[in-house]
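# Analysis of the macromolecular model
If you want the building blocks of each chain, they are given just below.
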Amino acid sequence: MPTPTTSSPIAYSVLTGNQNVDSLMSGTQWAGSGGSTVTISYSFPSGYAYFTTNYPDTSFWPTWLALSLTQQVETQNALAAWSHVANISFAQSPDNSTTVGDIRVTFSAGHPWGSIVGSAYYPSTNASGGDVWLDPYVKDVIGGLYSGNFGNATFQAGSYSYYTVLHELGHTLGLKHPFESSPLNSIIANPSLDGRVYTIMSYTTLADHTDAIGFTFNPTTPMLLDIAAMQALYGANMAHNAGDTVYYFNDNPGQHYFQTIWDGGGNNTISYNGNTSSSIDLRQGYGSEIGNPVYAYTATNSTAYIVNNLWIAYGTHIDTATTTGTGNNTLTANNDGDTLIGGTGNDTFRGGSGNDTITGGGGADTAEFPNALSTYTISSTGVSDATRTTVLHQIDYLKFSDKTIYQGPALTNANGSLTNAANIDGLHIACTGEAAGNTIYSSNLNHTNGVALANQFIAQAGLPNDATALATIFKNLGLATVSGSSPVTDAANNQAGLYTTIAYLVKNDPGVIAAGGLAYATNWLVNAVASITTANPNYAAYSAAAAVLDTNIINAHNYSSQAANLSPEAISTVSVGIVGV
């Protein structure tokens, strides 16, 4: 055990070759034996303090002040935050004339602090190694507002005082600032990562916004680069949350988060229960915005920049993200094959390269895929490509790089109906730009619900969402096929009019809608539905809907007059694939 005049053994650190990780290594660390857990002692001077007479800075000890019991407890919590991520443990030691901790934490009232609020010594063979000094008179900041000073602060999580303790303890374990050299290591970080979002050892609030001067809630754990550097020094703590762990988050009043999750193993879950729209990203090294927002503030704006307040450490596997509440959340999978579950809001899901399972829940939910629709196969259970299958439940929209298609329940038509006839009415609206009763919705084709319903008809009627396959259906029915963008005007083959309509709206084919296309669409519906066979669960509904179209809709519209109103803007809007959004 160290004494007031001696130190525990240290070791010289070995750099990793990663610039941003190495930029945090001071060059020394506490020594262990054979890869086992390194036990580091700590103590809080109280009563009468003993110290070496050749202390490096003689201004500290003469006016030292003890931490309160509450401050000591929060300092222990900060020590635990470090031991959760690295293969180290902490043991409290007496602080007397014969025994002190490797790490000693106290205030100094007489030190000339200037703009610095704390100071700490790296692991060293000198007795000062591991000592932490704090300014008792500097103002604490909680929620972006001044709240007393460090001397009477409670060091509550998220406050500037707690963050400072966490930072200074990092120095005592062997970490330096990422922006400056140490006597044993001249490497500095890439400036784009020199920010407190990535490392609590930084002096910069946001690397990409130099006007930011603080957070409304400060980090409560070591962050991405801190964890990587500590694990390079001491090894990873694989016992921390090694079983199946659920990490719970909410947006209760006053509840905030700013942390990085390190997890030693198991099947793990992030569970968010709140109505504040959030993003949850399960990928290692990526950040999320979860719960009540955390802001970086400037001298003139208290909510200048919203920040990612939840991060996943490198080497941590989170397999499930689940949300409840009305927020419109975005959930992103990693590449392991994850489970994503939405709440009652309009959620967006982004799968990874594994076999994911996505459940939308309530609301209008969208599953996004990075490539063009033609590279995927859509089935009744999900979406597949050459390397993965994404199982989908309660998903309304499938968004690909080139278009979005509707897969969900019936949308309302112009009259607010939820009947199956709404699908046909919506298809008509998409074709003509008109609503029922001859009310003009628009003079072009960009009617969102109508376009979505056109997609929905294709999906729910069991038809392929592919222009070539649709043409094949016409051929099998003994009807004329359509090549290129040429409209079919032959009355004997008028059913092909629906193909040009769908090709224009859904397939991004720049063809001209055939004259009399509404009548063509009606006849085609009857024949196409019949060709699907009566085994199709939608057969009866769509047969009935096609009949309704004849009596209730056709007579109320003049398709040919509206076809003449198609404008260049309409053609441009539809051709870029704005479908069902």
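All values derive from a computational prediction rather than experimental measurement.

This brings us to the environment of Phe-258. Along the chain, Phe-258 turns up in the loop between strand 12 (246-250) and strand 13 (259-261). It is 9.1 Å that separates the C-alpha atoms of Phe-258 and Val-307, two residues lying 49 residues apart in sequence. Apart from the residues lying within four places of it in its own chain, the contact partners of Phe-258 are Val-197, Phe-215, Phe-217, Asn-218, Pro-219, Thr-220, Thr-221, Met-223, Val-294, Val-307, Asn-308 and Asn-309.

As a further point, take the nonpolar core. Core analysis: the largest hydrophobic core is formed by 58 residues, its most contacted members being Ile-103 and Leu-173. Those elements that place two or more of their residues in this core are strand 3 (38-43), helix 2 (69-85), strand 5 (88-92), strand 6 (103-108), strand 8 (131-134), helix 3 (160-172) and helix 4 (224-234). Counting residues per element, this core draws most heavily on helix 4, at seven residues. Residues contacting Leu-173, with those up to four places away along its chain left out, are Thr-28, Gln-29, Trp-30, Ile-40, Trp-82, Ile-88, Phe-90, Ile-103, Pro-123, Met-230, Leu-233 and Tyr-234. Core analysis: the second largest hydrophobic core is formed by 28 residues, Tyr-272, Leu-282, Leu-373 and Ile-395 among them.

In this section: the packing of aromatic side chains. In the structure shown here, the tally under the stated rule is 20 aromatic pairs. Residues Phe-249 and Tyr-257 carry aromatic rings whose centres are separated by 4.8 Å and whose planes lie at 75 degrees to one another, so their mutual orientation is edge-to-face. For the pair formed by Phe-249 and Tyr-257, the shared burial category is buried. Where Tyr-376 meets Phe-400, the ring centres are 5.3 Å apart and the plane angle is 45 degrees; that geometry is what we call tilted.

What follows concerns the confidence of the model for the protein chain. For the protein chain, per-residue confidence averages 77 on the pLDDT scale, and residues scoring 70 or more make up 69% of the total. Contacts of residues 409-454 to residues separated by more than four positions or lying in other chains number 112 contacts, the stretch itself having pLDDT below 50. Per-residue pLDDT stays below 50 along residues 470-539; that stretch engages in 127 contacts with residues further than four places along the chain or on separate chains.

Despite not being glycine, Phe-155 shows a phi value in the positive range, around 60 degrees. Looking at where Phe-155 falls in the secondary structure, it is placed in the loop between strand 10 (145-149) and helix 3. Notably, Gln-394 is not glycine yet its phi reads approximately 55 degrees, a positive angle. Following the sequence through the fold, Gln-394 ends up in the loop between strand 28 (389-393) and strand 29 (397-399).

Further remarks concern the packing of helix 2 against helix 3. Interaxial distance between helix 2 and helix 3 falls to 10 Å at its minimum, and their mutual angle equals 50 degrees. In terms of axis orientation, helix 2 runs oblique to helix 3. Crossing of helix 2 against helix 3: the hand is right-handed. Taking contact as the criterion, the partners of Glu-74, Thr-75, Asn-77, Ala-78, Leu-79, Ala-81 and Trp-82 in helix 2 are, on helix 3, Tyr-162, Val-165, Leu-166, Leu-169 and Gly-170. Per-class residue counts for the contact of helix 2 with helix 3 are eight nonpolar, three polar and one charged.

Conventions we followed
- Residues numbered from 1 in each chain as written.
- Predicted model: local features only at pLDDT ≥ 70, side-chain atom pairs only at ≥ 80, totals over all residues.
- Heavy atoms only, no water.
- Helix = DSSP H or I, 4+ residues; strand = E, 2+ residues; numbered from the N terminus.
- Contact = heavy atoms within 4.5 Å.
- Core = buried A, V, L, I, M, F, W, Y, C linked by side-chain atoms within 4.5 Å.
- Buried < 20%, exposed > 50% of the residue type's maximum accessible area, 1.4 Å probe, protein only.
- Phe/Tyr/Trp six-rings, centres within 6.5 Å; stacked < 30°, edge-to-face > 60°.
- pLDDT = per-residue confidence, 0-100.
- Axes fitted to C-alpha atoms, helices over the stretch in contact; angles between N-to-C directions.
- Parallel < 35°, antiparallel > 145°, perpendicular 65-115°, else oblique.
- Left-handed = near helix turned anticlockwise from the far one by under 90°.
- Nonpolar A, V, L, I, M, F, W, Y, C, P; charged D, E, K, R; others polar.

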